[in-house]
Amino acid sequence: MSELPVIDIAPLLQAEAADPGKRAVADAIGAACREHGFFYVSGHGVPPALIERLDAASRRFFALPEPVKDEISMARGGRAWRGFFPVGGELTSGRPDLKEGIYFGAEQPPGDLPLHGPNLFPAQVPELREAVLEYLPAMTRVGQAVMSGIALSLGLAEDYFRTGYTADPTILFRIFHYPPGPADDPDTWGVGEHTDYGLLTLLLQDGNGGLQVRTATGWIEAPPVPGTFVCNIGDMLDKLTGGRYRSTPHRVRNRSGNERLSFPFFFDPGWDSEVPPLPYAGGQRWDGQVDFTGTYGEYLLSKVSKVFPHLFEQQQL
Ligand SMILES: N=C(N)NCCCC[C@H](N)C(=O)O
Ligand SMILES: O=C(O)CCC(=O)C(=O)O
Ligand SMILES: [Fe+2]
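Residues numbered from 1 in each chain as written. Chains lettered and ligands numbered in written order. Predicted model: local features only at pLDDT ≥ 70, side-chain atom pairs only at ≥ 80, totals over all residues. Heavy atoms only, no water.

J.: Describe empty space enclosed by the protein, naming the residues involved and giving the relevant values.
T.: Within the structure shown, the criterion is met by 1 cavity of 30 Å³ or more. What the largest cavity holds in volume is close to 40 Å³. Residues that form the lining of the largest cavity fall into these classes: 6 nonpolar, no polar and 2 charged. (1 Å grid on protein atoms, 1.4 Å probe; cavity = no way out; pocket = protein on both sides within 12 Å on 5 of 7 lines; lining within 4 Å. Points joined across faces, edges and corners; volume = space filled by probe spheres on them. Nonpolar A, V, L, I, M, F, W, Y, C, P; charged D, E, K, R; others polar.)

In structure tokens form, the structure reads like this:
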């Protein structure tokens with residue numbers, strides 16, 4: 001078992017605003033955000049059958065030959081920042097990760113806005129498209145529910161984020177495949193140590209494990225817990241709360257000997273959101289609060305340009 005708490009968020013998904021159960025869930029979420037910034041979410045309502053379909057379709061995709069996977073290469077996705085990247089194609093903290101993956105976002109019409117547009121889906125695995133397009137709205141609902149708990153835990157109205165920052169959230173979704181290893185190379189990771197950028201990450205992981213979280217007293221594992229997502233706080237929520245809600249460094253090494261799949265879903269402020277400071281304690285500022293300038297979209301672009309520098313140059317984002 002993990003040292004990280006499992007929090008049943010079912011009360012937050014109920015429409016009735018008066019449910020006293022919500023308060024208890026919110027308190028548990030607030031405590032977890034202040035301690036490690038990591039917890040497990042159960043009672044999320046995402047059907048197990050959907051998760052199984054997503055996993056099976058993803059495994060079929062990654063087993064395809066590289067040239068077939070390249071038919072949906074990120075390079076073809078252009079500024080939309082969607083599609084497949086091969087092992088070593090993504091950098092974390094300047095080093096290539098031992099993983100391949102597919103980037104998705106909200107399904108949108110073609111246009112000029114970076115990180116927006118249609119997703120690239122593999123023709124050879126049509127069921128992946130169906131599963132992803134069902135998973136995105138299901139996870140958006142979970143993201144809004146967790147944020148309602150975070151709002152309550154901060155003494156704000158339950159719909160504080162949903163009617164503001166995340167009225168039209170930025171949704172990023174990835175599917176990662178980690179080949180086994182490396183066994184003992186201190187410099188190579190499935191994903192190197194990093195923090196996430198936005199408000200929340202909701203991670204579905206398969207049974208293989210490998211996610212590690214840096215706590216005040218050292219690295220701990222976040223092993224798979226069936227029926228849950230791992231939820232962690234991103235940098236933007238850390239900044240908004242003056243560091244009280246922690247964006248905690250984490251990394252992955254797949255030591256299982258098996259092919260590991262993970263499915264991180266990022267739930268962030270709207271692209272055009274100016275991410276205003278949180279009202280707190282009768283309108284006073286948090287100490288240490290960082291006032292953010294610009295929009296969430298501008299901030300996110302500056303981050304992702306470091307992750308795929310070659311693509312960034314090509315696309316002149
Ligand atoms: N959208 C989010 N939060 N992504 C976090 C990914 C962190 C790894 C990435 N290669 C990096 O170096 O940032
Ligand atoms: O694959 C994982 O378990 C974690 C992935 C991750 O940390 C990320 O994509 O930000
Ligand atoms: Fe992460």
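J.: Run through unusual backbone geometry, naming residues and quoting values.
T.: Although it is not a glycine, W81 adopts a positive phi angle of roughly 65°. Looking at the element boundaries, W81 is found in the loop between α4 (74-77) and β3 (83-85). At S93, a position not held by glycine, the phi torsion is positive, near 50°. By the secondary structure assignment, S93 is in the loop between β4 (91-92) and β5 (95-96). For S93, a relative accessible area of 64% gives the class exposed. (Helix = DSSP H or I, 4+ residues; strand = E, 2+ residues; numbered from the N terminus. Buried < 20%, exposed > 50% of the residue type's maximum accessible area, 1.4 Å probe, protein only.)

J.: Before we move on, can you summarise the site of ligand 1 with the specific residues and values?
T.: In the vicinity of ligand 1, the contacting residues are E90, L91, T92, S93, R174, H194, D196, Y197, F266 and V307. Between ligand 1 and E90, the relevant distance is 2.7 Å, taken from a nitrogen atom to a side-chain nitrogen or oxygen of the residue. A distance of 2.8 Å is found between a nitrogen atom of ligand 1 and a backbone nitrogen or oxygen belonging to L91. The protein chains hide 91% of the 370 Å² of surface that ligand 1 would expose on its own. (Near = heavy atom within 4 Å. Polar contact = N/O pair within 3.5 Å; in protein donor to acceptor, adjacent residues only side chain to side chain. Areas by Shrake-Rupley, 256 points an atom, 1.4 Å probe, with all protein chains shown as cover.)

J.: I'd love a proper account of the sheet that holds strand β13 (residues 250-252), names of residues and values included.
T.: On the basis of which strands lie adjacent, the open sheet formed by 4 strands has the order β8-β13-β10-β11 and antiparallel pairing. Lying at the two open borders of the sheet, with one neighbouring strand each, are β8 (191-194) and β11 (218-221). The mean angle between the axes of side-by-side strands here comes to 20°, regardless of whether they run parallel or antiparallel. As paired strands, β8 and β13 are joined by 2 bridges and run antiparallel to one another. Each residue of the ladder has a partner; that of H194, found in β13, is H250. (Pairing = 2+ DSSP bridges. Axes fitted to C-alpha atoms, helices over the stretch in contact; angles between N-to-C directions.)

J.: Any chance you could break down the pattern of salt bridges for me, citing the residues and the numbers?
T.: As enumerated under the stated definition, the model contains 12 salt bridges in all. A salt bridge links E66 to K69; the shortest N-O distance between them is 3.9 Å. Taken as a pair, E66 and K69 lie in helix α3 (residues 66-69) at a separation of 3 residues, close to a single helical turn. The class for K69 is buried, based on a relative accessible area of 3%. Note that K69 is salt-bridged to E100, the shortest N-O span being 3.0 Å. Placement of the pair is K69 in helix α3 and E100 in strand β6 (residues 100-105), with a sequence separation of 31 residues. Residue E100 is classed as buried on the basis of its relative accessible area, which comes to 4%. (Salt bridge = Lys/Arg side-chain N within 4 Å of Asp/Glu carboxyl O.)

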